Amino acid sequence: MTTSIQPVPAGLSGGLAAASATDLSKVYGAGETRVAALDRVSLDFRQGEFTAIMGPSGSGKSTLMHCMAGLDSVSSGSARIGDTELTTLKEKKLTQLRRDKIGFIFQAFNLLPTLNALENITLPLDIAGRKVDRAWLDQVVSTVGLSGRLGHRPSQLSGGQQQRVAVARALASRPEIIFGDEPTGNLDSRAGSEVLGFLRNSVRELGQTVVIVTHDPVAASYSDRVVFLADGRIVDDMASPTAEKVLERMKGFDAKGRTS
Ligand SMILES: Nc1ncnc2c1ncn2[C@@H]1O[C@H](COP(=O)(O)OP(=O)(O)OP(=O)(O)O)[C@@H](O)[C@H]1O
C-alpha cells in the first residue's frame, strides 16, 4: 500500500491556536449611543500563520485586535492568548502577558528618538530584564534587512527602515503572536511591500504568528488567510488570498456604501 502526503493549504492545517476568541462581544456606550462593536465573534489565530483582518470602516477590526491583545476590556465572551484567559486577568498580570507574549506593530512606528535602532529593538527585553538571545537577534535583524543600520537613530532612517526596526522589536522577544494595526498605513507602496515581505518571512522562516488589520487588498495578499468583518461579525474567511480575490470580496461591502 502506498500513502501519499498531500500538502495542507494554509489556514486549513487545524494547527494550535496562538490566540482565540469565543462569543466575544464588545459594546460601547449605552441607550441611544450604544454600539455593538463586536457581536459574538469566535475565531482562532493559528500558530505559524499570517492572518489579515479586513472589513469596512467601523466594522470592528481594531476593536477585535485590541480585545484579543488585552489592550481593551470585553463586554462578554472569552479572549485567550494560548491557554491564558485574558478576560479574568488583573491589570498587572495583563501587562506582564502583553510584555512577555505579544509583539505590537503600530501605524506610527513608536520608536524612541534618542535610541539607535539596536537599542530600540532590544528595549522591551531590557525593560523586562530579559537576556537578549544574540543568535536570534542576528537572525531577526538579517531577516528584516537592518544589518548595516543598527547604529542609526530613527531620524537617520527612512519610514520603511523605521518600520523594519519596529518589526524587529516585535520579533526580538519571540512573542507567541504579533499584532499589527495597519502596520504599513504610513509607508509608500514599495516600503510597505518590503515590510510585509519581512512579516511574511518571519512567519515562513521563523515560525512567527502574525495578525494584521489592513484596508489594503495588496497588503492582505501577503497573508495566509483573510478574516472579513462587517457590523461586528465575521462574514467571511478566505484562505490563500490574492489581491484580486480580496478586492472582489470588498466590492460587496462597497455596494452597500460602507467603504473603508
Ligand atoms: N472608544 C469607543 N467609544 C465608542 N464607540 C467606539 C469606541 N471605539 C470604537 N467605537 C465604535 O465601535 C465600532 C467599531 O470600531 P473599530 O474602530 O473597531 O472599527 P474599524 O473596523 O477598526 O474601523 P476603521 O477601519 O475605520 O479603523 C465603530 O462603530 C466605532 O464607532
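In the block above lies the structure referred to throughout.
This section reports on the structure supplied with the text.

Rules of the game
- Residues numbered from 1 in each chain as written.
- Predicted model: local features only at pLDDT ≥ 70, side-chain atom pairs only at ≥ 80, totals over all residues.
- Helix = DSSP H or I, 4+ residues; strand = E, 2+ residues; numbered from the N terminus.
- Rg over C-alpha atoms; globule rule 2.2 N^0.38 Å.
- Buried ≥ 20, exposed ≤ 12 C-beta atoms within 10 Å, placed from the backbone.
- Contact = placed C-beta atoms within 7 Å.
- Near = placed C-beta within 6 Å.
- Nonpolar A, V, L, I, M, F, W, Y, C, P; charged D, E, K, R; others polar.
- Axes fitted to C-alpha atoms, helices over the stretch in contact; angles between N-to-C directions.
- Parallel < 35°, antiparallel > 145°, perpendicular 65-115°, else oblique.
- Left-handed = near helix turned anticlockwise from the far one by under 90°.
- Pairing = 2+ DSSP bridges.
- Expected span 1.5 Å × (residues − 1).

Moving on: the overall build of the protein chain. Check the secondary structure of the protein chain and you find 8 helices and 10 strands. Since a compact globule built from 260 residues should have a radius of gyration of about 18 Å, the 19 Å found for the protein chain is in line with a globular shape. Seen through its C-alpha atoms, the protein chain measures out along the principal axes to roughly 55 × 50 × 45 Å. Counting all 260 residues of the protein chain, 40% fall into the buried class. The long-range fraction of contacts in the protein chain, counting pairs at least 24 apart against all pairs at least 6 apart in sequence, stands at 72%.

Close to the ligand lie 13 residues, the nearest being Tyr28, Ala37, Ser57, Ser62 and Thr63. Only β2 (35–46) and α1 (61–68) provide two or more residues apiece to the shell around the ligand. It is α1 that contributes the most residues to the shell around the ligand, 3 residues altogether. Here the shell around the ligand is composed, by residue class, of 3 nonpolar, 9 polar and 1 charged.

With that settled, the discussion passes to the packing of helix α3 (residues 117–128) against helix α5 (residues 159–172). At a minimum axis distance of 8 Å, the contact between α3 and α5 shows a crossing angle of 30 degrees. By the criterion of interaxial angle, the relationship of α3 to α5 is roughly parallel. The two elements α3 and α5 cross, and the hand of that crossing is right-handed. For the pair α3 and α5, the contacting residues are Ala117, Asn120, Ile121, Thr122, Leu123, Pro124 and Leu125 in the first and Val165, Ala168, Arg169 and Ala172 in the second.

Of all 5 residues in strand β3 (residues 50–54), 5 are buried; the element is thus mostly enclosed. Burial of β3 is two-sided: the residues Phe50, Ala52 and Met54 facing one way and the residues Thr51 and Ile53 facing the other way are all buried. Pairing between β3 and strand β8 (residues 210–213): 4 bridges, direction parallel. Note that in β8 the partner of Ile53 across the bridge is Val213. Relative to strand β9 (residues 225–230), β3 runs parallel, the two sharing 4 bridges.

On to the sheet that holds β2, then. Taken together, 4 strands build an open sheet; the order of strands is β2-β1-β4-β5 and the sheet is antiparallel. Taken across any chain shown, the strands that pair with only one partner, and hence form the sheet edges, are β2 and β5 (84–85). As paired elements, strand β1 (residues 17–28) and strand β4 (residues 76–81) share 5 bridges and run antiparallel to each other. Pairing of Ser25 across the sheet is with Ser76, part of β4.

When the terminal C-alpha atoms of helix α6 (residues 189–206) are compared, their 24 Å separation across 18 residues agrees well with the 26 Å that a helix rising 1.5 Å per residue should span. The inward-facing, buried residues of α6 contact β3, α4 (134–143), α5, β8 and α7 (217–220).

A few words on the sheet that holds β8. Read across the open sheet, the 6 strands follow the order β6-β7-β8-β3-β9-β10; overall the sheet is mixed. The sheet terminates laterally at β6 (102–105) and β10 (233–239), the two strands that pair on one side only. With strand direction ignored, the average angle separating the axes of adjacent strands in the sheet is 20 degrees. Of the strands in this sheet, β3, β7 (177–181), β8 and β9 are in contact with α1, which crosses β8 at around 145 degrees.

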